[in-house]
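In case you want the letters, here they are:
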Amino acid sequence: MGNLASIKCPKCAAPVTFDADSKFVKCTYCDSQVFIDKSGAGFYYAAPFMVDETNAVGMFRRWAAGSTKAKDLDRLAQIAGVQKKYFPVYMFKRDVNGKEAVILQPAGSTTLPGLHSLKVPATDLKVFDASFDVGGAEMIKPDIEMAAYADKLPGTPKEQALVFFPIWKLEYVFNQKRYEVIIDASAGELFSADFPTRSSMAYMAVAGLGFVAFIAEGLVATMSLPVGLVLMGVTVVGVFMAALHVARRM
Ligand SMILES: [Zn+2]
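Residues numbered from 1 in each chain as written. Predicted model: local features only at pLDDT ≥ 70, side-chain atom pairs only at ≥ 80, totals over all residues. Heavy atoms only, no water.

(A) Here's a closer look at the overall build of the protein. The helix and strand inventory of the protein stands at 5 helices and 12 strands. For the protein, whose C-alpha radius of gyration is 27 Å, the value lies well above the compact-globule estimate of 18 Å for 250 residues. By principal-axis analysis of the C-alpha atoms, the protein measures approximately 95 × 40 × 40 Å. Of all 250 residues assigned to the protein, the portion counted as buried reaches 37%. Surface exposure of the protein reaches about 14000 Å², of which carbon and sulfur atoms provide 58%. Of the charged side chains in the protein, 26 are positive and 24 negative; the average position of the first set lies 6 Å away from that of the second. (Helix = DSSP H or I, 4+ residues; strand = E, 2+ residues; numbered from the N terminus. Rg over C-alpha atoms; globule rule 2.2 N^0.38 Å. Buried < 20%, exposed > 50% of the residue type's maximum accessible area, 1.4 Å probe, protein only. Areas by Shrake-Rupley, 256 points an atom, 1.4 Å probe, with all protein chains shown as cover. Lys, Arg positive; Asp, Glu negative; His and termini not counted. Charge placed at Lys NZ, Arg CZ, Asp CG, Glu CD.)

(B) Representation of the packing of aromatic side chains. Enumeration over the complete set of coordinates arrives at 11 aromatic pairs. With a centroid separation of 4.8 Å and an interplanar angle of 45°, the aromatic rings of phenylalanine 60 and tyrosine 172 are classed as tilted. Here the residue phenylalanine 60 occupies a position in helix H1 (residues 53-64), and tyrosine 172 occupies one in strand S10 (residues 156-174), the gap between them amounting to 112 residues. For phenylalanine 60, a relative accessible area of 0% puts it in the buried group. In this structure tyrosine 172 comes out as buried when scored by relative accessible area, which is 0%. Pairing tyrosine 90 with tyrosine 149 gives two aromatic rings, centres 6.2 Å apart and planes at 65°, and the pair type is edge-to-face. Of this pair, tyrosine 90 sits in strand S6 (residues 78-96) while tyrosine 149 sits in helix H3 (residues 147-150); the two residues are 59 residues apart in sequence, bridging distant segments of the chain. Judged by its relative accessible area of 17%, tyrosine 149 is buried. A connected cluster of aromatic rings, assembled from ring pairs, spans Phe60, Trp63, Tyr172, Tyr179 and Phe195. A cation over a ring is seen here: lysine 84 above phenylalanine 49, with NZ or CZ 4.8 Å from the ring centre. (Phe/Tyr/Trp six-rings, centres within 6.5 Å; stacked < 30°, edge-to-face > 60°. Lys NZ or Arg CZ within 6 Å of the ring centre and 35° of its normal.)

(C) Region of interest: the pattern of salt bridges. Considering all chains together, one arrives at 8 salt bridges under this definition. The partner of aspartate 72 in a salt bridge is lysine 71, with the nearest N and O atoms 4.0 Å apart. By relative accessible area, aspartate 72 is classed as partly exposed at 28%. We classify lysine 71 as partly exposed; its relative accessible area is 48%. Between glutamate 189 and lysine 119 there is a salt bridge; the shortest N-O distance is 2.7 Å. Remark: lysine 119 occurs in the loop between strand S7 (99-106) and strand S8 (126-127) and glutamate 189 occurs in strand S12 (residues 189-192); sequence separation between them is 70 residues. In this structure lysine 119 comes out as partly exposed when scored by relative accessible area, which is 46%. Among the charged side chains, a network of salt bridges with common partners joins Lys71, Asp72 and Arg75. (Salt bridge = Lys/Arg side-chain N within 4 Å of Asp/Glu carboxyl O.)

(D) Structural detail: the side chain of arginine 94. Counting through the fold element by element, arginine 94 comes out in strand S6. Within the buried core, arginine 94 has no salt-bridge partner, and the shortest N-O distance to an opposite charge, that of aspartate 151, equals 7.4 Å. Only 3.3 Å separates the side chain of arginine 94 from the backbone oxygen of leucine 153, close enough to count as a polar contact. Of the polar contacts made by the side chain of arginine 94, one reaches the backbone oxygen of proline 154; its length is 3.0 Å. (Polar contact = N/O pair within 3.5 Å; in protein donor to acceptor, adjacent residues only side chain to side chain.)

What follows is the structure in structure tokens.
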């Protein structure tokens, strides 16, 4: 058992008693979620979903049609899953040389793309209390301490909060490989770490055709060596020309 401590609820000013070891408590008077940090108590906020599921899939298709993506990725990518989530981010307001700076840092450890470069939502943040409707989104739990960042930030603290960012995690399959994109559903931005690119696809196609041709010609060579060798020679030149074409055009 830790020590009991007490703070004022930042919303209704009621006293909230909590175990000093805990970081997250609920005000028993107004049901607000409050997090406790060594610098004091703060709210949870949440940004609303500005991008719904249909629009998220539409954003993905438009992105997939881009010129750097594998040919026809927008048509051929099979969507394997669309997940609605809230990702926790610390929002620090600091006074840096007399100017207010807002710094965002992830509060949950993640390898998902984009979550280290989220932008402050343009929409109003809502206090995340019992009345906030998460709309079926999965809440990702914060597992990084605020102090881990606060000690390294410039300037002096003015305010800090934990903000749940609405995100869509979209998984898709292309050529038997699974990929994922993250859509920031407040700013409408798409993030992707790894995606099938046009040139690698074309090179793979050339290499694959060359390989098939060599196997066929190997069979021919077992029946007639000269014919097989001539065909292989033609294939080598063909693969070389095709690779050159891919390098120049695709
Ligand atoms: Zn309260």
